Amino acid sequence: MISLLATAEQGSGHIIQISSTGGQAALPLGGGCHASKFALEGLSDSLTLEVARFGIKVTVVEPSFYITDGAAGAVNSAADPLYDGVRESSRSSRRGSTSGTRPRRAGALLEVADSDDPPLRVFFGTEGLRMTQQAYAERLKT
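Residues numbered from 1 in each chain as written. Predicted model: local features only at pLDDT ≥ 70, side-chain atom pairs only at ≥ 80, totals over all residues. Heavy atoms only, no water.

Caption draft 1: Representation of the overall build of the protein chain in the model. Of regular secondary structure, the protein chain possesses 6 helices and 3 strands. Put simply, the protein chain runs from its N terminus to its C terminus through helices and strands in the order α-β-α-β-α-α-α-β-α. Put simply, the protein chain has 142 residues, and 32% of those count as buried. Considering only residue pairs separated by 6 or more positions, the protein chain has 72% of its internal contacts joining residues 24 or more positions apart. (Helix = DSSP H or I, 4+ residues; strand = E, 2+ residues; numbered from the N terminus. Buried < 20%, exposed > 50% of the residue type's maximum accessible area, 1.4 Å probe, protein only. Contact = heavy atoms within 4.5 Å.)

Encoded structure:
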């Protein structure tokens with residue numbers, strides 16, 4: 001809270017939250033991860049409204065999915081044989097999922113950080129925006 005107060009006193013600042021596409025669209029076997037990312041999304045939306053009057057910007061970075069030890073653990077976590085098909089489907093859908101190379105992401109993040117008018121959300125990779133658009137279309141349909 002101290003850093004937020006200091007930033008408010010200086011009349012400018014930029015809070016960058018790292019979320020993931022998992023905060024916009026859910027996949028099987030990732031409930032805990034999705035819950036935390038959706039919470040970060042809501043916190044960031046609210047924070048944007050709270051700190052704008054102090055000249056503070058908020059940006060949520062939405063990387064596409066990466067194959068990480070955490071993702072592998074989530075896919076393997078449901079030991080019940082009833083989940084065999086769900087686990088295999090999740091493994092198949094995540095194969096080859098990336099958000100570009102680290103240097104490209106770092107440069108893009110610095111560009112967002114230095115922007116005078118940064119977006120509230122920025123997608124890294126091609127899958128995230130597509131998945132988010134699809135998830136919101138499904139929500140609006142129902």
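Caption draft 2: Quick look at the pairing of strand β3 (residues 121–124). Only one face of β3 is buried, namely the one carrying Val122 and Phe124, since none of Arg121 and Phe123 on the opposite face is buried. When strand β2 (residues 56–63) meets β3, the two strands line up parallel, connected through 4 bridges. Looking across to β3, one finds that Val60 is bridged to Arg121. (Pairing = 2+ DSSP bridges.)

Caption draft 3: Representation of the sheet that holds β3 in the model. Taken together, the 3 strands give an open sheet; going across it, the order is β1-β2-β3, and neighbouring strands pair in parallel fashion. Because the sheet does not close on itself, it has two edges, and the strands there are β1 (13–18) and β3. For this sheet, the mean inter-axis angle between neighbouring strands, taken without regard to orientation, is 25°. Relative to β2, β1 is paired through 6 bridges, and the arrangement is parallel. Residue pairing for β2: His14 is matched across the bridge by Lys57. (Axes fitted to C-alpha atoms, helices over the stretch in contact; angles between N-to-C directions.)

Caption draft 4: Spotlight on a negative patch on the surface. A contiguous patch of negative charge, built from Glu111, Asp114, Asp116 and Asp117, is present on the exposed surface. Turning to its location among the elements, Asp116 is positioned in the loop between α5 (102–114) and β3. (Patch = residues over 30% accessible without salt bridge, like charges linked within 9 Å, V, L, I, M, F, W, Y side chains within 5 Å. Areas by Shrake-Rupley, 256 points an atom, 1.4 Å probe, with all protein chains shown as cover. Salt bridge = Lys/Arg side-chain N within 4 Å of Asp/Glu carboxyl O. Lys, Arg positive; Asp, Glu negative; His and termini not counted. Charge placed at Lys NZ, Arg CZ, Asp CG, Glu CD.)

Caption draft 5: Up close: the packing of aromatic side chains. On inspection of all chains with the given rule, the structure shows 0 aromatic pairs. The positively charged end of Arg139 is found above the aromatic ring belonging to Tyr136, 4.6 Å away from the centroid. (Phe/Tyr/Trp six-rings, centres within 6.5 Å; stacked < 30°, edge-to-face > 60°. Lys NZ or Arg CZ within 6 Å of the ring centre and 35° of its normal.)

Purely spatial values, then, with no claim about function.
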